[in-house]
Amino acid sequence: MKIINYMPIFLQNVREFEIISNLEDEELEKLKLQIDNILKEVIVNTSEDYGLRRYEKIYNIDVVNDDIDVRRFNIISKINNKAPFTYKWLDNKLKQLVGENNYKINIEYNNYKVIIRIVYLFGDIVKTLQKDLKELLPANLIIQINLFSNCNLHLGSIIHEKQHIKLEVVR
């Protein structure tokens, strides 16, 4: 956008107005970049710096990891925390956090146990997920989170199952 083009033709060739309009063009370009950046920082999935810090401050999240994806996960997890717990709620939460085919949920109703299997790539989120589930699930449930290195959950079977971490929350 050139401000000089909006001036009357007889003023466009005046040296002072050319200099002033060029300086205004630079400032307007900076302003446009800042507006675009603010729009990007408002959305958690596109935020990279200021927006993440702001959300972490709002939700009192301690920054443990510098990885942007982990920070985004922690924020989205806090935003989506709501009671009461249902299977559909847990399924939607995991679908949003790790992707549709990257987890499997088994509930042993007679043993009051929830077993969640997550693809190994999402290992950094286990502690956050465990903490959130401990706060939201009923106190009589045992939560077990397993990580697998090579899963094919889409077909309903696990190939080359290699258990990496097994966490249980016992209250």
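Refer to the preceding data block for the structure.
Given the structure is predicted, the values throughout are model-derived calculations rather than measurements.

Colleague: Please explain the pairing of strand β2 (residues 113-119) as it appears in this structure.
Modeller: Working note: regular strand, side chains alternate between the two faces of the sheet. With respect to burial, β2 is a largely interior element, seven of its seven residues being buried. The two faces of β2 match: K113, I115, R117 and V119 on one face and V114, I116 and I118 on the other face are all buried. As paired strands, strand β1 (residues 103-108) and β2 are joined by six bridges and run antiparallel to one another. Bridging across to β2, E108 finds its partner in K113. Here β1 folds back onto β2, and the loop between the two strands holds four residues, one of which, Y112, carries a positive phi near 55°. As paired strands, β2 and strand β3 (residues 142-148) are joined by seven bridges and run parallel to one another. Bridging across to β3, K113 finds its partner in I142.

Colleague: How do you make sense of the environment of V126 when you look at a structure like this?
Modeller: Checked against the element boundaries, V126 lands in helix α6 (residues 126-136). In sequence terms V126 and I145 are 19 residues apart; their C-alpha atoms lie 7.4 Å from each other.

Colleague: Sorry, what's going on with the nonpolar core here?
Modeller: As a rule of thumb, nonpolar side chains are buried together in soluble globular proteins. Counting 27 residues, the largest nonpolar core has L90, L94, I116, I118, L129 and L133 as the members making the most contacts within it. For this core, the elements supplying multiple residues, two or more each, are α3 (50-58), α4 (68-80), α5 (87-98), β1, β2, α6 and β3. With five residues, the single largest contributor to this core is α5. Each residue touching L129, except ones within four places of it in the same chain, is listed here: F73, K93, L94, L97, I118 and I145.

Colleague: Looking at this model, I keep getting lost on the packing of α3 against α4. Mind explaining?
Modeller: Helix-helix packing is characterised by the crossing angle of the two axes and by the distance between the axes. Where α3 meets α4, the closest approach of the two axes is 10 Å, and the angle between their N-to-C directions is 40°. Viewed along their axes, α3 and α4 adopt a mutual orientation that is oblique. Seen from above, α3 lies across α4 with left-handed handedness. Where α3 approaches α4, its residues L52, R53, Y55 and E56 are matched on the opposing element by I68, R71, R72, I75 and I79. Among the residues making up the contact of α3 with α4, the classes are represented as five nonpolar, no polar and four charged.

Colleague: What is the right way to look at the pattern of salt bridges in this model?
Modeller: Between side chains of opposite charge, pairing is possible as soon as their charged atoms come close. One pass over the full model with this rule turns up seven salt bridges. The residue E27 makes a salt bridge to K30 at a minimum N-O spacing of 3.6 Å. One end of the pair, E27, and the other, K30, are both in helix α2 (residues 15-42), three residues apart, so they sit about a helical turn from each other. Accessibility expressed as a relative area gives 47% for E27, which makes it partly exposed. K30 gets classed as partly exposed once you look at its relative accessible area, which sits at 48%.

Colleague: Could you clarify how one ought to interpret the packing of α5 against α6 in this entry?
Modeller: It is the contact of α5 with α6, at a shortest axis distance of 13 Å, that shows an interaxial angle of 160°. In terms of their interaxial angle, α5 and α6 are classed as roughly antiparallel. α6 is crossed by α5, and the crossing has right-handed handedness. Together, W89, L90, K93, L94 and L97 of α5 and L129, D132, L133 and L136 of α6 make up the contact between the two elements.

Basis of the calculations
Residues numbered from 1 in each chain as written. Predicted model: local features only at pLDDT ≥ 70, side-chain atom pairs only at ≥ 80, totals over all residues. Heavy atoms only, no water. Buried < 20%, exposed > 50% of the residue type's maximum accessible area, 1.4 Å probe, protein only. Helix = DSSP H or I, 4+ residues; strand = E, 2+ residues; numbered from the N terminus. Pairing = 2+ DSSP bridges. Core = buried A, V, L, I, M, F, W, Y, C linked by side-chain atoms within 4.5 Å. Contact = heavy atoms within 4.5 Å. Axes fitted to C-alpha atoms, helices over the stretch in contact; angles between N-to-C directions. Parallel < 35°, antiparallel > 145°, perpendicular 65-115°, else oblique. Left-handed = near helix turned anticlockwise from the far one by under 90°. Nonpolar A, V, L, I, M, F, W, Y, C, P; charged D, E, K, R; others polar. Salt bridge = Lys/Arg side-chain N within 4 Å of Asp/Glu carboxyl O.

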